[in-house]
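Chain and residue survey
Each chain is listed here by its residues.
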Amino acid sequence: MKWTIATFLGAAAVAQAIELTPENFDAETAGKTVFIKYFAPWCGHCKKLKPDWDKLMEEFNSNPTQLIADVDCTAEGKPLCDAVGVRGYPTLKWGDPSALEDYQGGRDYETLKAFAEKNLKPVCSPANIDLCDADKKAQIEKLLAMPDAELEKSIQENVDAMKKIEDEFNEFVQGLQKQYQDATTKKEADLAAIKDSGFGLMKAVKAHKAKGAKDEL
């Protein structure tokens, strides 16, 4: 293989890229504001985004307070994808590692870089409580004082409530799909019944009569 400067830089960027897994997540994200791409290697949109995302990771490499990283949802990173409810690829999320938000902006390098430069700053969190306003600080202090078992119970209650909402929505969508399928089946059967009742022959007879009338003229 003939190495060029571009090839060397590309290989270096890949080497420095961080792929998060449950094993390294806490260590890699500690004290940082993050921007994470959740992907599947076979995904076409993921492949399209990869060059710009790799360039972005290189740009922010070794930053002490900001992290741009990957999570492979088809490999060791799958539990991380499940934990944040990834449903499509690529999914981009950013913010405090314990309270990630969906990224909804453009996906070209310049837009991603501008977003990261503007938003990947230390944010209000238990680790940065000095950045919180009075209300948020009081809320965090109240949660910090809560017994571990009670905190875990509250978290699980919210997880269960969110799952219930998702399940009810999915059930509703499945019901709509069944209604659509049933309506489609009924429509096709009704149309077939009309055609089988002699509709085609009626049209043929009408055309035949019209032709006969013209021939008589």
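The name given to the chain in an unreviewed UniProt entry is Thioredoxin domain-containing protein 5, with the source organism recorded as Fistulifera solaris. The Sequence similarities (unreviewed entry) field of the UniProt record for the chain holds the comment "Belongs to the protein disulfide isomerase family."

As for the domain arrangement of the chain
Domain parsing of the chain yields domain 1 (24–122) and domain 2 (159–216). With centres defined by C-alpha atoms, the gap from domain 1 to domain 2 works out at 45 Å.

Considering the layout of surface pockets
Of the voids in this model, the largest pocket is the one considered here, and its volume is about 1,600 Å³. In terms of lining, the largest pocket is formed by 39 residues, of which the most central are S98, A99, L100, I155 and M162. Sorting the residues of the lining of the largest pocket by element identifies α4 (78–83), β3 (91–96), β4 (99–102), α6 (134–145) and α7 (148–216) as the ones contributing at least two each. Considering each element in turn, the lining of the largest pocket owes the most residues, 10 residues, to α7. Class assignment for the residues of the lining of the largest pocket results in 23 nonpolar, 7 polar and 9 charged.

Let's talk about unusual backbone geometry
Residues Y89 and P90 are joined by a peptide bond in cis, for which omega reads -10°. A positive phi angle, close to 70°, is found at S62, a residue other than glycine. Along the chain, the position of S62 falls in the loop between α3 (44–59) and β2 (66–72). Residue classification places S62 among the exposed residues on the basis of a relative accessible area of 65%.

Topic: the nonpolar core
Core analysis: the largest hydrophobic core is formed by 15 residues, its most contacted members being F35, W53, L56, I68, L92, Y103 and L112. Elements represented by at least two residues in this core include exactly α3, β3 and α5 (109–119). Apart from residues lying up to four places away in sequence, L56 is in contact with F35, I68, Y109, L112 and K113. Within the second largest apolar cluster, 13 residues are counted, among which are F25, I36, Y38 and C73.

Regarding the pairing of strand β1 (residues 33–39)
Across the 7 residues that make up β1, a large majority, 7, are buried. Every second residue of β1 is oriented toward a common face, with T33, F35, K37 and F39 on one face and V34, I36 and Y38 on the other, all of them buried. By the bridge criterion, 7 bridges tie β1 to β2 in an arrangement that is parallel. Note on β2: the bridge partner recorded for F35 is I68. Handedness of the β1-α3-β2 crossover: right-handed. Where β1 lies against β3, 5 bridges are found, and the strand directions are antiparallel. In the strand pairing of β3, V34 is matched with G95.

Focus on the state of the cysteines
On inspection of all chains with the given rule, the structure shows 1 disulfide. The disulfide partner of C73 is C81, and the gap between their sulfur atoms is 2.0 Å. Torsion about the S-S bond of the C73 and C81 cystine: about -90°, corresponding to left-handed handedness. Of the two residues examined, C73 and C81, each falls in the buried class.

Section: α5
Turning to α5, its buried residues number three or more, namely Y109, L112, K113, F115 and A116. Along α5, the residues classed as buried sweep out an arc of 160° about the axis, all on the same side. The exposed set on the far side of α5, more than 90 degrees from its buried face, consists of E110 and K118. The inward-facing, buried residues of α5 abut β1, α3, β2 and β3.

Some words on the side chain of D70
Examined against the element boundaries, D70 turns out to sit in strand β2. A polar atom in the side chain of D70 sits 3.4 Å from the side chain of K37. At 3.1 Å, the side chain of D70 forms a polar contact with the side chain of W53. In contact with D70, other than residues within four places in its own chain, are I18, E19, L20, K37, F39, W53, D54 and M57.

About the criteria used
- Residues numbered from 1 in each chain as written.
- Predicted model: local features only at pLDDT ≥ 70, side-chain atom pairs only at ≥ 80, totals over all residues.
- Heavy atoms only, no water.
- UniProt positions renumbered as here; feature names shortened; annotations may be inferred.
- Domains from an automatic or database assignment.
- 1 Å grid on protein atoms, 1.4 Å probe; cavity = no way out; pocket = protein on both sides within 12 Å on 5 of 7 lines; lining within 4 Å.
- Points joined across faces, edges and corners; volume = space filled by probe spheres on them.
- Helix = DSSP H or I, 4+ residues; strand = E, 2+ residues; numbered from the N terminus.
- Nonpolar A, V, L, I, M, F, W, Y, C, P; charged D, E, K, R; others polar.
- Buried < 20%, exposed > 50% of the residue type's maximum accessible area, 1.4 Å probe, protein only.
- Core = buried A, V, L, I, M, F, W, Y, C linked by side-chain atoms within 4.5 Å.
- Contact = heavy atoms within 4.5 Å.
- Pairing = 2+ DSSP bridges.
- Right-handed = clockwise from strand over helix to strand, strands pointing away.
- Disulfide = S-S within 2.5 Å.
- Arc of directions from axis to C-beta.
- Polar contact = N/O pair within 3.5 Å; in protein donor to acceptor, adjacent residues only side chain to side chain.

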